[in-house]
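Chain residues, written in single-letter form:
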Amino acid sequence: MGKKDENSDTKYEQKQTALADVWAIRPCHLYKDEYDDCTSFKARFHQYFIFGQDTDCSQWLTDYKNCERYHQSNGNDVCAGAAVIKSEEERRHIRLRAHFANNTWEKRKQPPADWAKPLPEWLAKRNENTYLEVKQRELSGLSVPQDEKGSLCAIM
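All figures in this text were calculated on a predicted structure; none of them were measured in a lab. Along each chain, residue indices are assigned from 1 in the same order as the chain's sequence is written. With pLDDT at 70 or above as the cut-off, local features in this predicted model cover only qualifying residues; side-chain atom pairs require 80 or more to be listed or tallied, and sums for whole chains, interfaces and linings still use all residues. Remark: hydrogens and water are excluded; side-chain values derive from all non-hydrogen atoms of the structure.

**Q** Can you walk me through the state of the cysteines in this structure?
**A** Here, disulfide denotes a covalent bond that connects the sulfur atoms of two cysteines. Cysteine sulfur atoms are paired as a disulfide whenever they fall within 2.5 Å. Under the criterion given, the structure shown has two disulfides. Disulfide pairing is shown between Cys 28 and Cys 67; the S-S distance is 2.1 Å. Where Cys 28 bonds to Cys 67 through sulfur, the torsion about that S-S bond is close to -85°, and the disulfide is left-handed. With Cys 28 in helix H2 (residues 28-38) and Cys 67 in helix H4 (residues 58-72), this residue pair connects regions lying 39 residues apart in the sequence. An identical accessibility class is assigned to Cys 28 and Cys 67; each is buried. Here Cys 38 connects covalently by a disulfide to Cys 57, the sulfurs 1.8 Å from one another. Negative torsions about the S-S bond denote left-handed disulfides, and the value of about -65° found for Cys 38 with Cys 57 makes this one left-handed. Residue Cys 38 is found in helix H2, and its partner Cys 57 is found in the loop between helix H3 (41-51) and H4; the two are separated by 19 residues along the sequence. With respect to class, Cys 38 is no different from Cys 57; both count as buried. Cysteine pairing for the chain (bonded cysteines numbered in sequence order): 1-4, 2-3. The way it works is that DSSP assigns letters per residue, a run of H or I at least four long becomes a helix, a run of E at least two long becomes a strand, and they are numbered from the N terminus. Buried, partly exposed and exposed residues are distinguished by accessible area as a fraction of the type maximum, computed with a 1.4 Å probe on protein chains only: under 20%, between the cut-offs, and over 50%, respectively.

**Q** Can you walk me through the environment of Trp 60 in this structure?
**A** Within the secondary structure layout, Trp 60 lies in helix H4. Overall, the relative accessible area of 15% leaves Trp 60 in the buried class. Counting along the chain gives 24 residues from Trp 60 to Val 84, while the straight-line C-alpha distance between them is 9.8 Å. Two residues form a contact once any of their heavy atoms are found within 4.5 Å. In this view, Trp 60 contacts Arg 26, Tyr 31, Glu 34, Tyr 35, Cys 38 and Arg 91; residues no more than four positions away in its chain are not counted.

Below you can see the structure in the form of structure tokens.
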């Protein structure tokens, strides 16, 4: 009995270490939706207008099939799960390529020292009786200003 428990623990640990980024796998129906959207007439027209040719949508279908295989095996098909995770990483890398290639702005390591300083007086006065200010006072437990005139809004 002790041997079986040790083996099951070892298998569980192997599955956990094999797919550390399992959170990156979307629900399978989303891959199918993306494929259907990519191959629709409207999307094809848009692709032709923007790029001058149809884009390759086969990766969405491959991801859908791998996702289905991974979920139908209850997470035991590690190769299919790893393929989906790798595809998601590539997709994220392509999406963020321009961000990382941008050398115009200096990226901060930490926020500025005075990031939480109070607003300037003119801006605080302008913000005095706005809806957000009133709600912030309510949430903070501070006194809420009462309207002296009251609201007489009538929609006709």
